[in-house]
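If you want the building blocks of each chain, they are given just below.
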Amino acid sequence: MAMVECQGLRKVYRDLVAVNDLSLSIGEGEIFGFIGPNGAGKTTTIKMLVTLLRPDAGTALVDGKCVIREQEEVRKVIGYMPDFFGVYDDIKVWEYLDFFATAYRIERHRRPQIIDDVLALTDLTIKKEAFVEELSRGMKQRLCLAKTLVHDPKVLFLDEPASGLDPRARVEIRELLKELRNLGKTIFISSHILSELADFVTQVGIIEQGRLVVSGSVDDITAQLQPFKRVTVRVAGDTAPVVEVLQQVPGVRNIESEPNEVRFEFEGEDGGFAGILPALVSRGCQVTGFGEQEASLEEIFMRVTRGAVA
Amino acid sequence: MNAIRRLWFELNPIHNPLLIRELRSRMRGPRLFLLILLFQGCLMVVLAVTWSLVYGLHYYGRSSIVSSRGHQLFVSLIVAEAMMICVIVPALSAGAFTLEREKQTLEMLLMTPLTGLQAAWGKCLGPFLVSSLLLVTSLPPAASCLFLGGVSLGEVCLCLVGLALFTLLYTAMAVAISAQSRSTAAAVFSGEVLAVMFLVAGGLEALAPGPILASALTPLSWVGRVCSPEELYAGFLGTAVPFMIPGAALLCLTTAFLLLHGPTRLVAPRPHHVALKRLVGLATVAMLAVVLVWGSLRDLLSSGVGASFAPPGSIGGLSNLGGLVAMASMVTCLAAALYANSGATGHLQVIYALGLRRGLLEGLRPRSAFAVGAEACLPWALAGWLVVPGVVLLGAALMGEWLHTSDVPGLVGLFAVELGVLLLAYFIGLGAALRHPWDLAKQRILAVGTLVVLIAYPAVPFLAWGFWNAARPSAAVDPAVWASVASPAGLLVLFACAGVPDFRSMGIGIGGHTLAPWMAGLAFLLAAMALGLRNVSHLCRRLRGR
Ligand SMILES: Nc1ncnc2c1ncn2[C@@H]1O[C@H](COP(=O)(O)OP(=O)(O)O)[C@@H](O)[C@H]1O
Ligand SMILES: [Mg+2]
């Protein structure tokens, strides 16, 4: 069963269509990376899914419950971490977590254990007695994640959890997310930086100007968006003969030549591709390297978004 | 049964995260202790000043108006406390939800299963407990009054209970405002204005010679009722306590209604809250009616405060009915003007949406635009005028005439000025709507703000002047009468006073100055029309120019 499912979601601010006809389906246990430039409509989409904003059109179900009609049920199964948030003054870390635990109606005798657990998970145990406003930004981010976990939600909605953090804090957040994945949570995570997510998401959706441009599993998207291969040939000596050979192979295009290196794109059967290297060698080119460049999510992102900023 | 259990859960402070957090953070650091220190300091100053005054009065042998030193000290203590509570409570509690919004913590709070009632109650209890602490710290000085004599333990307790109830009401009011406001500054401002209005209403009521409407409506009148001199109230327990019970019930019901209704914009209410809110709303209205009708009747029929002001020879307290109703009419008119003014702007919004703006842009003549606008708001103005103050006033005039107490020309004048105020309200609303066609909030702030400034600005100092003069029977009041003509609010008061024999006997009211207020009223009406026309045509031109 899909954990998060939405159909034709739409939100309009005055004359700006922030989210336009967005449909998604995320299975249980998936990590969904929601990627798009600033102002693309990520936050708006997430707020609609977590019941904070009412969609102008469309439906959305979280764990089979409607975000418009069954708000309370939805709120029970989700944890939401906003992109911008503040903390309360003059309270300690454990008191902050106790506040949310009480608000989520967790019985009094269970609270201390739960607080210790989420503190251990987010690596904040040593800060238990510290005042919240004295934490560093990365710690605040982890604390917010900890409070999102006190009621053991099935689905987590994290809006740019790593934005504004230094590389080290980023890595820590990422490790934490991997642990959450191992706990079997479904995670919906947004970011405007793709490399942040690339190595652990199972599904991605790319949004631009309110439209979901592509979505699906990482491999599918790669295959779908890049049916051709990008190849780099390294040679010792002159590149001219290599270019000459390549020009005669059907399916080869966009040949670029630099000293000691030739790059080209190939579209066609694998059989044809296999013939290229022998052809080069048989013409006496001194090939020192021949390899296909892996298409990264980054590139797909650059390809599907046209650089228009909403 | 289930609903009751749920309600108990929501109201139980032990389960309320907001209260726990508030207490934890508020008790840290020196702020609370500084607040207590400040509060105590102010009380000490008030007590010292009162003490020296009371001592002076005794010394010069003019103590006939003072029942005793202890009583006098206690009354000033409690009044000072009431005033400070009025100022402190909104400042403490109006940030309830706006601060969460400003510190970007509101969304995370709303995501929890906290209900609206629970949120409002938690937000209310924190500041309430702090203010109650202030009241408790004022017990020692109150006890010292007890030893000086002149007050009973019952009076002290009842006053403190009353203040606590008002504190709760003010807190609920500020929290409800906070849930509806955008910024803390706005919420604190509105909370303070409302609280001070309550206080001032108490003061006015003390000045107004008519029967006291309901002592439970403002803290000052509560205190006045509890601590009234013995010659007015035969026995404290016999008269004060039975009156306090419906009053206290009214305060509790209003608080409950505010708690249930306040946060509905932030958190969708649960079904059992909706049912409860209706019930509480109905009970509040019923209790208000009981307090008003029964309270007024009691005052009228017993030889209450009203009688003490009535000129000799009139029929008990009834002589002031005309004046009372005229005053009520004036207040209703101002309220109706403010309310309908924002209603009119909302109305215009619709017209705008229907294409008035396009019409203007395509060359609709300003005069026809004005006609469209007037069509939208004049029915409101007339209905507001006729139904609300008009009918009340007509009743007052007839009743007053029957009782030989009212001044019919004065009441007619009041009627006319009220129409003027309402028209002015609509023209200002129209202007505001044209200026900010798409922003209802801005329209309302502009319209209501302009109206308040226009009708009240000169009234405040002049009214003070007038009352000050009136307090000295020998003084001439003419300057005050002439001065109050300068503002619509002053005019309203002037005409309303015409129905009050005591004021007439003091020389306030149109008595010997029939022409002046009338001319001023006419000028005011014309000015309102001219302002409206100018405002509208100017804005039409500006819109078209764009
Ligand atoms: N409350 C609002 N009122 C008007 N426009 C808004 C509001 N919130 C967001 N927007 C607009 O909607 C678009 C999408 O915003 P958002 O969802 O925050 O983008 P993202 O999170 O992808 O950076 C932006 O162009 C933004 O300016
Ligand atoms: Mg965002």
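Calculation criteria
- Residues numbered from 1 in each chain as written.
- Chains lettered and ligands numbered in written order.
- Predicted model: local features only at pLDDT ≥ 70, side-chain atom pairs only at ≥ 80, totals over all residues.
- Heavy atoms only, no water.
- Helix = DSSP H or I, 4+ residues; strand = E, 2+ residues; numbered from the N terminus.
- Buried < 20%, exposed > 50% of the residue type's maximum accessible area, 1.4 Å probe, protein only.
- Contact = heavy atoms within 4.5 Å.
- Areas by Shrake-Rupley, 256 points an atom, 1.4 Å probe, with all protein chains shown as cover.
- Salt bridge = Lys/Arg side-chain N within 4 Å of Asp/Glu carboxyl O.
- Axes fitted to C-alpha atoms, helices over the stretch in contact; angles between N-to-C directions.
- Parallel < 35°, antiparallel > 145°, perpendicular 65-115°, else oblique.
- Left-handed = near helix turned anticlockwise from the far one by under 90°.
- pLDDT = per-residue confidence, 0-100.
- Polar contact = N/O pair within 3.5 Å; in protein donor to acceptor, adjacent residues only side chain to side chain.
- Pairing = 2+ DSSP bridges.
- Buried area = accessible area lost by both parts, 1.4 Å probe.
- Nonpolar A, V, L, I, M, F, W, Y, C, P; charged D, E, K, R; others polar.
- Phe/Tyr/Trp six-rings, centres within 6.5 Å; stacked < 30°, edge-to-face > 60°.
- Lys NZ or Arg CZ within 6 Å of the ring centre and 35° of its normal.

Draft legend 1. Geometry of the overall build of chain B. When its secondary structure is counted, chain B shows 23 helices and 0 strands. Residues counted as buried form 51% of the 546 residues belonging to chain B. Restricting the contact set of chain B to residue pairs at least 6 apart, pairs at least 24 apart contribute 79%. As displayed, chain B has an accessible area near 24,500 Å², and 74% of this comes from carbon and sulfur atoms.

Draft legend 2. Broad picture of the overall build of chain A. Counting secondary structure elements, chain A contains 12 helices and 14 strands. Taking contacts inside chain A between residues at least 6 apart in sequence as the whole, the part at least 24 apart equals 67%. Accessible surface computed for chain A: about 14,300 Å², of which carbon and sulfur atoms make up 48%.

Draft legend 3. Highlighting the pattern of salt bridges. Per the counting criterion, the structure on display carries 26 salt bridges over all chains. Here Glu107(A) makes a salt bridge to Arg110(A), at a shortest N to O gap of 3.1 Å. Assessed through its relative accessible area of 41%, Glu107(A) is described here as partly exposed. Residue classification places Arg110(A) among the partly exposed residues on the basis of a relative accessible area of 40%. Linking Lys185(A) and Asp152(A) is a salt bridge whose minimum nitrogen-to-oxygen distance equals 2.6 Å. Here Lys185(A), found in the loop between helix H6 (167-182) and strand S8 (186-191), pairs with Asp152(A), found in the loop between helix H5 (137-149) and strand S7 (155-159); they are 33 residues apart in sequence, far enough to count as distant. Three or more residues joined by partner-sharing salt bridges are found here, namely Glu95(A), Asp98(A), Arg111(A), Arg24(B) and Arg28(B).

Draft legend 4. Summary view of the packing of helix H2 (residues 17-26) of chain B against helix H7 (residues 116-137) of chain B. All names here are of chain B. Where H2 contacts H7, the axes come no closer than 8 Å and their chain directions differ by 30 degrees. Classed by the angle they form, the pair H2 and H7 counts as roughly parallel. Once H2 is placed against H7, the crossing between them reads as right-handed. Residues Leu18, Leu19, Arg21, Glu22, Leu23 and Arg26 of H2 pack against Gln118, Ala119, Gly122, Lys123, Leu125, Gly126, Pro127, Leu129 and Val130 of H7.

Draft legend 5. Summary view of the confidence of the model for chain B. Residues and elements named next belong to chain B. Averaged over chain B, the pLDDT score is 69; the fraction of residues at 70 or greater is 49%. The secondary structure element of chain B with the lowest average pLDDT is helix H14 (residues 305-309), at 37, and the one with the highest is H7, at 92. Here residues 62-66 is modelled with pLDDT under 50, and outside its nearest four sequence neighbours on either side it reaches 6 contacts, counting other chains as well. Across residues 206-214 the pLDDT falls below 50, and counting only partners more than four positions away or on other chains, this stretch makes 29 contacts in the model. Prediction confidence for the complex, expressed as pTM and ipTM, is 0.67 and 0.79 respectively.

Draft legend 6. Summary view of the environment of Asp89(A). Note on placement: Asp89(A) falls in the loop between strand S6 (78-81) and helix H3 (93-103). On the basis of relative accessible area, Asp89(A) is assigned to the partly exposed category, the value being 41%. A distance of 2.8 Å separates the side chain of Asp89(A) from the side chain of Lys103(B), its partner in a polar contact.

Draft legend 7. How the structure looks around the pairing of strand S1 (residues 2-13) of chain A. Residue and element names in this part refer to chain A. Where S1 and strand S2 (residues 16-27) come together, 8 bridges link them in antiparallel fashion. The partner of leucine 9 across the bridge, within S2, is leucine 22. Counting the residues in the hairpin turn of S1 and S2 gives 2 residues, including arginine 14, whose phi is positive at 45 degrees. As paired strands, S1 and strand S4 (residues 57-62) are joined by 5 bridges and run antiparallel to one another. For glutamate 5, the partnering residue across the bridge sits in S4 and is leucine 61.

Draft legend 8. Just the interface of chain B and chain A, in detail. At the interface, 25 residues of chain B touch 32 residues of chain A. On the chain B side of the contact with chain A, Arg28(B), Met108(B) and Met111(B) bury the most area, a combined 27% of that side's loss. One salt bridge connects Lys103(B) with Asp89(A), and the closest N-O pair in it is separated by 2.8 Å. Taken together, the links from chain B to chain A amount to 14 residue pairs in polar contact (both at pLDDT 80 or more). Elements with a minimum of two residues in the side of chain B that touches chain A: H2 and helix H6 (106-110) of chain B. A per-class count over the side of chain B that touches chain A returns 10 nonpolar, 7 polar and 8 charged.

Draft legend 9. Main features of the packing of H3(A) against helix H4 (residues 111-121) of chain A. All names here are of chain A. For the pair H3 and H4, the least separation of the axes is 10 Å and the interaxial angle reads 120 degrees. With respect to each other, H3 and H4 are oriented oblique. Here the hand of the crossing between H3 and H4 comes out right-handed. Mapping the contact onto sequence places Val93, Trp94, Leu97, Asp98, Ala101 and Thr102 in H3 and Arg111, Ile115, Val118 and Leu119 in H4. In the contact of H3 with H4, the residues fall into 7 nonpolar, 1 polar and 2 charged.

Draft legend 10. Geometry of the packing of aromatic side chains. Applying the stated rule across the entire model yields 9 aromatic pairs over all chains. Linked through ring pairs, Phe32(A), Phe34(A), Phe157(A) and Phe188(A) together constitute an aromatic cluster. One cation-aromatic arrangement involves Arg21(B) over Phe99(A); the distance from NZ or CZ to the ring centre is 5.0 Å.

Draft legend 11. How the structure looks around the sheet that holds S4(A). All names here are of chain A. Read across the open sheet, the 4 strands follow the order S2-S1-S4-S5; overall the sheet is antiparallel. Edge strands, defined here as strands with exactly one partner in the open sheet, are S2 and strand S5 (65-66). Against the sheet, helix H1 (residues 42-49) engages S1, S2 and S4, with an angle of about 120 degrees to S1.

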